[in-house]
Amino acid sequence: VAESSEVAYVRSAGLRGVRAVIDALGGDADDLARRSGLPGGALDSDEILVQDLAIGFLLETAAVELRCPDFGLRVALRQDLGLLGPVAAAIRHAPTTTRALEMTSKYLFFHARSLEITVVPDPEGDPGVLGVRFGYRDDAAALPPQAVDMVLLFLHRSMLALLGGEYGLLSVELPNPLNTVPARYRELFSAPARPLASAAMLRVPAALLGREITGGDLMAHELALSYLEQHGPARDQTYAERTRTLLLRSLDTGTSTLGDVAALLSVSPRTLQRHLTGEGTTEIPLYQIASALALDDVTTFSQYARRWWGVTARQFRADRRGPGAVGRPAIELS
């Protein structure tokens, strides 16, 4: 399981195929999901935000308990590019491989904000070779071995589909020991798998970059990019700006808590609050909150607060400053 100091979230679309593989092996998918800490419905929906640790734990547990060392590879065989949602459209209709990889790198946060796919120099120093690397933005975070198998085979199959066939894959680099026999990797990748590498990546010819992708639609590509730009969080925005945007968007839903916003930003509540504090966010005076709620004064606000939370607004705020307050729900707007 990934060793990371922060909780990261991914779309449950990454679990496509897991239930089918577990069922085929005679296992109980719902029981495995529950014991792994996944929320209900995560195996059957694309849009639930789930902790990456839970996905990693599920894959590893299923592989062991079902005695299926190639579990991650089997799941990948049931997945396709469509699980990336709107990012898939931008990739499918990209004019070149370079553009497709740029789109993947830039917009993967729609699927998993803590992960990235990047093009890196060949770890062996061959100028005619590049690595398509998959991993956490934090280089110190370790990837679960079954997840490595699943994502690299998904990436390989996606490139085969985009390019209409073999693209010259040279080797599959795994940062962990092989999960199954070498012949299984050779069968699925048509290339050798090399364990205990520096990072999870596919080594490909450098000439692959710039290769034309046929059958795409430039208009569809531009429409997909427009959607991604409008609906994705800007990388240069502060957490305070992102939080403010999400709170404004959520007003019509009737509720907005620290946990809700943190999940949408793919961080833990503790991490979000730490960033907001570090960015110098200040508390709004109680009289301004009362005015925003169309209440006459702070006294009236506190009367409503007693009805909502059992304490005055001032007491509620003071309590949230105390030990252990970070992980508790923020005030709900209703």
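Residues numbered from 1 in each chain as written. Predicted model: local features only at pLDDT ≥ 70, side-chain atom pairs only at ≥ 80, totals over all residues. Heavy atoms only, no water.

1. Quick notes on the sheet that holds strand β6 (residues 193–194)
Filter applied, for reference: A pair of strands counts as paired when DSSP detects no fewer than two bridges linking them. In this description a helix means any DSSP run of H or I spanning at least four residues, a strand means any run of E spanning at least two, and both kinds are numbered starting from the N terminus.
Strand order in this open sheet of five strands is β3-β4-β7-β5-β6, and the pairing throughout is mixed. Since the sheet does not close on itself, it has two edges, and those belong to β3 (115–121) and β6, each with one partner. As defined by bridge partners, strand β5 (residues 171–173) adjoins strand β7 (residues 200–205) across three bridges and the pair is classed as antiparallel. From the neighbouring strand, Ser171 faces β7, where its bridge partner is Arg203.

2. Some thoughts on the confidence of the model for the chain
Regions with low pLDDT carry predicted coordinates that are not meant to be interpreted in detail. To be explicit about the condition: pLDDT runs from 0 to 100 and stands for how confident the predictor is about each residue. By definition, residues are in contact when any of their heavy atoms lie within 4.5 Å.
Per-residue pLDDT for the chain averages 82, and the proportion of residues at 70 or more is 81%. Predicted confidence is poor over residues 1–5, with pLDDT under 50, and the contacts of this stretch with residues over four places away or in other chains come to 12 contacts. In the predicted structure, residues 323–334 sits below a pLDDT of 50 and forms 26 contacts with residues beyond four places in sequence or in another chain.

3. A word on unusual backbone geometry
Here the phi dihedral of Ser190 falls at roughly 55 degrees; this positive angle occurs in a residue that is not glycine. You will see that Leu196, though not glycine, has its phi angle at about 55 degrees, which is positive. By secondary structure assignment, the location of Leu196 is in the loop between β6 and β7.

4. Overview of the environment of Ala193
Our working rule: Relative accessibility decides the category of a residue: with a 1.4 Å probe and only protein chains considered, values under 20% of the type maximum give buried, values over 50% give exposed, and everything between is partly exposed.
Its place among the elements puts Ala193 in strand β6. By relative accessible area, Ala193 is classed as buried at 16%. In the structure, Ala193 is positioned 21 residues away from Val172 in sequence and 4.5 Å away in space, judged by C-alpha atoms. Setting aside its immediate chain neighbours within four residues, Ala193 contacts Val172, Leu174, Leu178 and Tyr185.

5. Some words on the side chain of Arg184
Keep this limit in mind: N or O atoms closer than or at 3.5 Å make up a polar contact, with two conditions inside protein: a donor-capable atom paired with an acceptor-capable one, and, for residues adjacent in sequence, both atoms drawn from side chains.
Following the sequence through the fold, Arg184 ends up in helix α8 (residues 182–189). A relative accessible area of 17% places Arg184 in the buried class. Engagement of the side chain of Arg184 in a polar contact is seen with the side chain of Asp70, the distance being 2.9 Å. Polar side-chain contacts of Arg184 include one of 3.2 Å to the side chain of Glu187. Dropping the residues within four chain positions of it, Arg184 is found in contact with Asp70, Leu73, Arg74 and Leu77.

6. Quick look at the packing of helix α3 (residues 52–65) against helix α7 (residues 145–163)
Convention followed: The convention used is that axes are lines fitted to C-alpha atoms, helices contributing only their stretch in contact, and that angles between N-to-C directions extend from 0 to 180 degrees. Between 65 and 115 degrees an angle is taken as roughly perpendicular, under 35 as roughly parallel, over 145 as roughly antiparallel, and anywhere else as oblique. Amino acid classes used here: Ala, Val, Leu, Ile, Met, Phe, Trp, Tyr, Cys and Pro are nonpolar; Asp, Glu, Lys and Arg are charged; the rest, including Gly, are polar.
At a minimum axis distance of 7 Å, the contact between α3 and α7 shows a crossing angle of 100 degrees. Considered as vectors, α3 and α7 are oriented roughly perpendicular to each other. Taking contact as the criterion, the partners of Leu59, Glu60 and Ala63 in α3 are, on α7, Pro145, Gln146, Ala147 and Met150. Looking at side-chain class alone, the contact of α3 with α7 contains five nonpolar, one polar and one charged residues.

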